[in-house]
Amino acid sequence: MRTITYRQALNEALAEELERDENVVVMGEEVAEYNGAYKVTEGLWKRFGDKRVVDTPISEAGFIGMGIGASMLGVRPVMELMFWSFAYVAFDQMINNAGCVRYMSGGKIKCPIVVRGPANGGTNVGATHSHTPENFIANTPGLKVICPATAYDAKGMMKSAIRDDDPVYVMENTKLYGESGEVPEEEYTVPLGVADVKREGTDLTIVAHGRAVITALKSAEVLAAEHGISAEVVDLRSIRPLDEETILTSVRKTNRVLLVDENKPFCAVNTQIATMIQEKAFDYLDAPILRLNAIDAPAIYSPPMEELQLPHPEVVIEKALAVCK
Amino acid sequence: MNSAIDHATSPINQQLSSEGKISILRDIVRIRRFEQAALKQYTAGKMGGFLHLYNGQESVAVGTISLAGESDHIITAYRDHGHALAVGMSMNECMAELYGKATGCSKGKGGSMHFFAPDKNYWGGHGIVAGQTPLGAGLAYGLKYQGLKGACLCYLGDGAINQGAYHESLNLAALFDLPVIYVIENNGYSMGTSQKRSSAFKSCLAERADGYNIAWDTVNGEDVYEVRAKTQVAMERAHEESRPTVLEISTYRYYGHSVADANSKKYRSPEEIKQYQEHHDPIVLWRKRLLEEGVLTEDQASEMDKEAKAEAKDAVKFAEESPFPEPKAILEDVYYEVDQGTEAGQTGKHFFND
């Protein structure tokens, strides 16, 4: 199978959906003539023109809200946030309008929008550009949020997100844009709400999403090679909707759980997962569930310190050994 | 000099039939009677939440919406009862919504601030000050994208003009040539804070549009003819040139910011309210005008008022007798895909109650 980058995979998803449905519009800061701040939208403006690929001013509350309003009339905007951290100036639109208008209208309105962009730390850009708000979004019924970790998932899930008739917030990762993976030539989609076992194992379940999946996979190799521990890595892929069954099936098999998450620890995504496991698979556990998150402080700038702040293989292995003790 | 112009002579008002003029009065009266009935029931403890009354401002919604055609869309803030009735929503569904009943326009899920009727091009009913202004730009964007000759009438209060979302919307509307008309309903008070204490301005609030190269005008909201004449200019600009407009329509609300506004009698004098009621009330003025023009008789006018009162009374009865939503309704209308039972709606867990 051919190999392309996560960035190219997203680009293909956008191009294919622009081609498929004339209501799809890509909009955001620098997405058109500049070809995208992170080049995810490269070539789309040239190919699809001004109507379909639209540069907006730096005005997130304005253009995200505009996209939500247009979606109520049947346009299907795919809006780029240069960083998910910038969503915070558009939160009223993203939560109160996109998240609540269907409910408050008694189901008379739908908002088929996608808001996408990178949501990650680890690039030494300081706390204001390093937020991972998937837990905030997952706390808002009415919204969906996904965090693909591989090129294959990025393409397939982006296509599903664009076709979905509810608001779907897609959190990508600048540290993954350049990572390559196998992506078929032929068309495919990956449904939202389905987790994926990225590595099979028997001794320990590591649950992760986004780049933490890559960290978990690296750690699993070391655990196998140096400690004789067979770790299974479950990639959530989609946070809301959530695939609980795949997690529980793995836990029932391995009886030990480590939850790795680049969110800060308080009410992180893995807090929800930990609660769910203890409620539904308590009797299968041979050890307390352990969680590993970003160290609980704003993202630090200092490059070597930021590497330490985020989950990395050394701490994943340390925690895994503690769970398997 | 505006006061010297008789807007009755403008083409759009010349085209207005006697029936059309009477219909405008009927709509204004219906809004007044609906809200008075709602106030009575609210005070009696029949409803939850807030009740932001539109009493005194009726000519603004009715006058502007009387110009809306098939492809023109409406969106407003939380003082939304008047616009809802003006677009043709029934008193029953609106009253039932206030009561939180399943027969309400939003099935009892939105309440006073969140009335919707997309089938009548009415997109709410929004609770956050100025939060609806980017949506208004978006509706206009959608119309333009779909190649429809339409406009979005996006209403906001004078207190909303200081929100960033409004300014971002103006910039986008001008930049993208959007057929949106921002109607500032200036009732003089940003909740309990007067215009002078809340907004910096030279001559008026609409003037800020100059900074965005957007056409603007000020309108005397008590004169239905003026409201229609000046809104029509903006409608034509939207339809023919796909350009935005800001209209600042001066008006007045008789009640507080909401009925729960504890200071509603402190930040303005009883004389001020009385003065408006006696000399500027839209019902009094429009009725007088129609009587003078001979298109309406006193008998017709009082009959109309009686009918509106009876309709409001019936709406109260309808609301009282309607059922509350079933508990299972709490989990409906959250996700379209779930409601429709699509494959996407059945994949993965959407709700986390168990």
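Residues numbered from 1 in each chain as written. Chains lettered and ligands numbered in written order. Predicted model: local features only at pLDDT ≥ 70, side-chain atom pairs only at ≥ 80, totals over all residues. Heavy atoms only, no water.

Draft legend 1. Local environment of the pattern of salt bridges. All names here are of chain B. What the rule picks out here adds up to 48 salt bridges over all chains. With a shortest N-O distance of 3.1 Å, Arg289 and Asp6 are connected by a salt bridge. Of this pair, Arg289 sits in helix 11 (residues 282–293) while Asp6 sits in the segment before helix 1 (11–14), and the two are 283 residues apart along the sequence. Residue Arg289 is classed as partly exposed on the basis of its relative accessible area of 25%. When the shortest N-O distance is used, the salt bridge between Arg32 and Glu58 registers 2.5 Å. Residue Arg32 is located in helix 2 (residues 18–43), and its partner Glu58 is located in helix 3 (residues 58–65); the two are separated by 26 residues in the primary sequence. Among the residues examined, Arg32 registers a relative accessible area of 10% and is labelled buried. (Salt bridge = Lys/Arg side-chain N within 4 Å of Asp/Glu carboxyl O. Helix = DSSP H or I, 4+ residues; strand = E, 2+ residues; numbered from the N terminus. Buried < 20%, exposed > 50% of the residue type's maximum accessible area, 1.4 Å probe, protein only.)

Draft legend 2. Layout of empty space enclosed by the protein. Residues and elements named next belong to chain A. Applying the stated criterion to the full structure yields five cavities of 30 Å³ or more. The computed volume of the largest cavity comes to approximately 100 Å³. Lining the largest cavity are 13 residues, and of these Ala119, Glu134, Asn173, Gly210 and Arg211 lie nearest its centre. The set of elements that each furnish at least two residues to the lining of the largest cavity consists of strand 7 (168–172) and helix 8 (211–227). Here the lining of the largest cavity is built from residues that sort into four nonpolar, four polar and five charged. Both domains that meet at the lining of the largest cavity, namely domain 1 (3–182) and domain 2 (196–324), each give it at least three residues. If you go around the second largest cavity, the residues you meet are Gly121, Ser130, Thr132, Glu262, Lys264, Ala294, Ala299, Glu306, Gln309 and Leu310. Across the lining of the second largest cavity, the residue classes tally to three nonpolar, four polar and three charged. When we break the lining of the second largest cavity down by domain, the ones giving at least three residues each are domain 1 (3–182) and domain 2 (196–324). (1 Å grid on protein atoms, 1.4 Å probe; cavity = no way out; pocket = protein on both sides within 12 Å on 5 of 7 lines; lining within 4 Å. Points joined across faces, edges and corners; volume = space filled by probe spheres on them. Nonpolar A, V, L, I, M, F, W, Y, C, P; charged D, E, K, R; others polar. Domains from an automatic or database assignment.)

Draft legend 3. Highlighting the interface of chain B and chain A. With 49 residues of chain B at the contact, the number on the chain A side is 58 residues. Across the chain B to chain A interface the summed buried area is about 4,300 Å²; carbon plus sulfur atoms make up 63%. By the criterion of area lost to chain A, the three top residues of chain B are B:Tyr145, B:Tyr335 and B:Tyr336, representing 17% of everything that side buries. At the boundary of chain B with chain A, the tally comes to two salt bridges. Of the charged contacts in the structure, one is a salt bridge between B:Asp339 and A:Arg102, with a shortest N-O distance of 2.7 Å. Inspection of the region where chain B meets chain A yields 27 residue pairs in polar contact (both at pLDDT 80 or more). Broken down by secondary-structure element, the contributors of at least two residues to the side of chain B that touches chain A are strand 1 (73–75), helix 6 (132–145), helix 7 (164–175) and helix 13 (336–340) of chain B. (Contact = heavy atoms within 4.5 Å. Buried area = accessible area lost by both parts, 1.4 Å probe. Polar contact = N/O pair within 3.5 Å; in protein donor to acceptor, adjacent residues only side chain to side chain.)

Draft legend 4. Inspection of the domain arrangement of chain A at higher detail. All names here are of chain A. Here chain A is partitioned into domain 1 (3–182) and domain 2 (196–324). Here the C-alpha centroids of domain 1 and domain 2 sit 26 Å apart. The interface of domain 1 with domain 2 comprises 26 residues on the first partner and 25 residues on the second. Where domain 1 touches domain 2, the interface holds two salt bridges. Counting across the domain 1 and domain 2 interface gives 14 residue pairs in polar contact (both at pLDDT 80 or more). At the level of elements, helix 6 (134–138), strand 6 (144–146) and helix 7 (151–163) are the ones that each hand at least two residues to the side of domain 1 that touches domain 2. Split by residue class, the side of domain 1 that touches domain 2 holds 11 nonpolar, 11 polar and four charged.

Draft legend 5. Region of interest: the layout of surface pockets. In this structure, the largest pocket encloses a volume near 500 Å³. Surrounding the largest pocket, 23 residues form its lining, A:Ala138, A:Asn139, A:Arg240, A:Gln272 and B:Phe352 being those nearest its centre. Of all the secondary structure elements, the ones that give two or more residues to the lining of the largest pocket are helix 5 (101–104), helix 6, strand 12 (238–240) and helix 10 (269–281) of chain A. Sorting elements by how many residues they give to the lining of the largest pocket places helix 10 of chain A first, with five residues. Classifying every residue of the lining of the largest pocket gives 15 nonpolar, seven polar and one charged. Composition of the lining of the largest pocket by domain shows at least three residues from each of domain 1 (3–182) and domain 2 (196–324) of chain A.

Draft legend 6. Looking closely at the state of the cysteines. Summed over all chains, the structure comprises zero disulfides over all chains. Counting only cysteine sulfurs, A:Cys111 is the nearest neighbor of A:Cys100, a cysteine outside any disulfide, at a range of 10 Å. The closest cysteine sulfur to the non-disulfide-bonded B:Cys105 is located on B:Cys94, 5.1 Å from its own sulfur. (Disulfide = S-S within 2.5 Å.)

Draft legend 7. Local environment of the pairing of strand 7 (residues 245–250) of chain B. Residues and elements named next belong to chain B. For strand 7, a buried count of five out of six residues is recorded, marking the element as mostly surrounded by other parts of the structure. By the bridge criterion, six bridges tie strand 3 (residues 180–186) to strand 7 in an arrangement that is parallel. Opposite Glu185, over in strand 7, you have Ile249 as the bridge partner. Direction of pairing for strand 6 (residues 215–220) relative to strand 7: parallel, over a ladder of six bridges. When the sheet's bridge partners are listed, Asn220 is paired in strand 7 with Ser250. In terms of handedness, the path from strand 6 via helix 9 (residues 224–241) over to strand 7 forms a crossover that is right-handed. (Pairing = 2+ DSSP bridges. Right-handed = clockwise from strand over helix to strand, strands pointing away.)

Draft legend 8. Inspection of unusual backbone geometry at higher detail. Between A:Arg240 and the following residue, A:Pro241, the backbone shows a cis peptide bond with an omega angle of 5 degrees. Among the structural elements, A:Pro241 can be located in the loop between strand 12 and helix 9 (244–254). A cis geometry characterises the amide bond from B:Gly124 onward to B:Gly125, with omega recorded as 25 degrees. Structurally, B:Gly125 is set in the loop between helix 5 (91–98) and helix 6. Although it is not a glycine, A:Asn35 sits at a positive phi angle of roughly 75 degrees. Mapped onto the elements of the fold, A:Asn35 is located in the loop between strand 2 (24–28) and helix 2 (44–48).

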